[in-house]
Amino acid sequence: MRLAGPLRIVALVVTVGLTWIVVSILLGGPGSGFPRIQQLFTKPRARKYKCGLPQPCPEEHLAFRMVSGAANVIGPKICLEDKMLMSGVKDNVGRGLNIALVNGSLPPDTGVSGELIEARAFDMWAGDVNDLLKFIRPLHEGTLVFVASYDDPATKMNEETRKLFGELGSRNAKELAFRDSWVFVGAKGVQNKSPFEQHVKNSKHTNKYEGWPEALEMEGCIPRRSPAS
């Protein structure tokens, strides 16, 4: 019975000692703050690559992300290799079709691979379709064509316009209609249809906004072309 007191003291000392050891391990030692506790409760931040892609593109590929306009309120965005080619912030987007032309060839060539050639918006509701035709008719082999719709992409479209987009690799240009949402990446001289295209029809039964379908977002890695290909 006389040993009960000393045993309690020993047990208390052992408990305090073990507690101190555990706390020291979690705190990372004297003067280190709380890094280990923070590691336990902090979710690792996902790394983002060019244009915010979750994974890096392979070599000899161009990273891109594009978003169509949302109704007639928020303009589209076209990003390539961490460079914003078109956006509302850059003040170079507008109602209709927003198109960025990019040199998609590998050096050596007449330009730098991935270099923006020109970016323009074409009003497809009240504009002149001939302005668009003059823009896309004389494209050089290997030119990449990024297209993002905003509000109405199709009212002024004619058969020649749809045919030219089809030759650039589009499957959906032939059926594009009033206030559809459309994003597309094609190229002059392609032999097959482009894998980079999304299209949502304007339908009162499925529209996200009153009178407009949802905005479309597309991202990926585009292979560059060698001058000989």
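Numbering of residues begins from 1 in every chain and follows the order in which that chain's sequence is written. At least 70 in pLDDT is required for a residue's local features to be given in this predicted model, at least 80 for side-chain atom pairs to be given and counted, and no such filter applies to totals for whole chains, interfaces and linings, which use all residues. Excluded from the side-chain calculations are hydrogens and water; all other atoms, namely the structure's heavy atoms, are used.

Every residue is assigned a pLDDT by the predictor, reflecting its confidence on a scale from 0 to 100. Residues with a pLDDT of 70 or more make up 77% of the protein chain, whose mean pLDDT is 85. Secondary structure is summarised from DSSP: a helix means a run of H or I of at least four residues, a strand means a run of E of at least two, and numbering begins at the N terminus for each. Highest mean pLDDT in the protein chain belongs to helix α3 (residues 129-136) (98); lowest belongs to helix α2 (residues 35-41) (46).

Next up on the list: the state of the cysteines. Whenever a pair of cysteine sulfur atoms sits within 2.5 Å, that pair is classed as a disulfide. A complete count under the given rule lists 2 disulfides for this structure. Linked covalently through their sulfurs, Cys51 and Cys79 form a disulfide whose S-S length is 2.1 Å. Measuring handedness by torsion sign, the sulfur bridge of Cys51 and Cys79 sits at about -90° and is left-handed. Taken together, the residues span a long stretch of sequence, with Cys51 in the loop between α2 and β1 (61-67) and Cys79 in strand β2 (residues 77-80) at a distance of 28 residues. Neither residue differs from the other here; Cys51 and Cys79 are each classed as buried. Between the sulfur atoms of Cys57 and its disulfide partner Cys221 the distance amounts to 2.1 Å. As the torsion about the S-S bond is roughly -85°, the Cys57-Cys221 disulfide counts as left-handed. Placement of the pair is Cys57 in the loop between α2 and β1 and Cys221 in strand β9 (residues 217-223), with a sequence separation of 164 residues. A simple rule labels every residue: compare its accessible area, found with a 1.4 Å probe on the protein chains alone, to the largest value its type can have, and call it buried under 20%, exposed over 50%, or partly exposed in between.

Within helix α4 (residues 159-167) the residues assigned to the buried category are Thr161, Arg162, Leu164, Phe165 and Gly166. Tucked inside the fold, the buried residues of α4 contact β4 (96-103), α3, β6 (143-150) and β7 (181-187). Counting of polar contacts relies on pairs of N or O atoms within 3.5 Å, with two restrictions inside protein: one atom must be capable of donating a hydrogen and the other of accepting it, and residues adjacent in sequence are counted only when both atoms are side-chain atoms. The opening residue of α4, the one whose side-chain oxygen lies 3.3 Å from the backbone nitrogen of Glu160, is Asn158. Note on α4: the residue one or two positions beyond its end, Gly169, has a positive phi of about 115°. Contact definition: two residues touch when any of their heavy atoms are within 4.5 Å.

Right, let's get into the side chain of Thr161. By the element assignment, Thr161 lies in helix α4. With sequence-adjacent residues up to four places away left out, Thr161 is seen in contact with Val129, Leu132 and Leu133.

On to the packing of α3 against α4. Here the axes come from fitting lines to C-alpha atoms, over the contacting stretch only for helices, and the angles between their N-to-C directions go from 0 to 180 degrees. Contact pair α3 / α4: the axes reach a minimum separation of 10 Å and the direction vectors enclose 30°. Accordingly, the angle class assigned to the pair α3 and α4 is roughly parallel. Judged by the sense of rotation from one axis to the other, the crossing of α3 with α4 is left-handed. The residues of α4 that touch α3, namely those facing Val129, Leu132, Leu133 and Ile136, are Glu160, Thr161, Leu164 and Phe165. For the contact of α3 with α4, the class distribution of residues is 6 nonpolar, 1 polar and 1 charged. By the definition adopted for this analysis, an angle is roughly parallel if under 35 degrees, roughly antiparallel if over 145, roughly perpendicular if from 65 to 115, and oblique otherwise. The handedness criterion is simple: a crossing whose near helix is rotated anticlockwise from the far helix by less than a right angle is left-handed, and one whose near helix is rotated clockwise is right-handed. Note that Gly is not counted as nonpolar here; it falls among the polar residues with everything else outside the nonpolar set of Ala, Val, Leu, Ile, Met, Phe, Trp, Tyr, Cys and Pro and the charged set of Asp, Glu, Lys and Arg.

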